[in-house]
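# Residue-level structure breakdown
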Amino acid sequence: MDWQELTDLTRGQRFVVERVRLAGTGVVVEGQFEPPQLAQLGVDDQVFVAAFVRSHGSIKEMERIFGVSYPTIKSRLNRIAEQLDFVDTDPAPSGADVVDRLRRGEISVEEALAELEKSR
């Protein structure tokens, strides 16, 4: 069974993978693994995301590829984005991190207080 068949079979419902075999090694891992978010998208959305990446995020190119208008591309991107959890690439430092940096003399007391206030 290929990935598209699995995606069609699940019809957008959440699923868990319970067995993984590493090709060529014979190693099998069993447990409960949630597939990556992009793999949980429908096949059409996976193709759309792949095309978006290949076009370097060019909406103009996406309009050309799919033969639709700018608002249609934006609407679809927004719909797909709603299905994905985004990772915070600049998380607020923990209180312990701020105190450690203060202890090492990397920041002043005022800077430490400001950072702690921001993270509330």
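Provided above is the structure to which this section pertains.
About the cut-offs
- Residues numbered from 1 in each chain as written.
- Predicted model: local features only at pLDDT ≥ 70, side-chain atom pairs only at ≥ 80, totals over all residues.
- Heavy atoms only, no water.
- Helix = DSSP H or I, 4+ residues; strand = E, 2+ residues; numbered from the N terminus.
- Rg over C-alpha atoms; globule rule 2.2 N^0.38 Å.
- Buried < 20%, exposed > 50% of the residue type's maximum accessible area, 1.4 Å probe, protein only.
- Contact = heavy atoms within 4.5 Å.
- Areas by Shrake-Rupley, 256 points an atom, 1.4 Å probe, with all protein chains shown as cover.
- Polar contact = N/O pair within 3.5 Å; in protein donor to acceptor, adjacent residues only side chain to side chain.
- Expected span 1.5 Å × (residues − 1).

### Points about the overall build of the protein
- Looking only at helices and strands, the protein features seven helices and two strands.
- What you see in the protein, going N to C, is helices and strands ordered as α-β-β-α-α-α-α-α-α.
- Relative to the globule expectation of 14 Å for 120 residues, the C-alpha radius of gyration of the protein, 22 Å, shows a markedly less compact shape.
- Counting all 120 residues of the protein, 19% fall into the buried class.
- Partitioning the contacts of the protein with sequence separation of at least 6, the portion at a separation of at least 24 is 34%.
- Accessible surface computed for the protein: about 9,400 Å², of which carbon and sulfur atoms make up 53%.

### Remarks on the side chain of Gln40
- Take Gln40: it is sitting in helix α2 (residues 37–40).
- A distance of 2.6 Å separates a polar side-chain atom of Gln40 from the backbone oxygen of Pro35.
- In contact with Gln40, other than residues within four places in its own chain, are Arg14, Glu34 and Pro35.

### Here's the deal with helix α3 (residues 43–54)
- The first and last C-alpha atoms of α3 sit 16 Å apart over twelve residues, in line with the 16 Å expected at 1.5 Å per residue.
- Within the sequence span of α3, burial applies to Val43, Asp45, Phe48, Val49 and Ala51.
- Its buried side turned inward, α3 meets α1 (3–10), α2, α4 (59–66) and α5 (70–82).
- One or two positions beyond α3, positive phi appears at His56, with a value near 60°.

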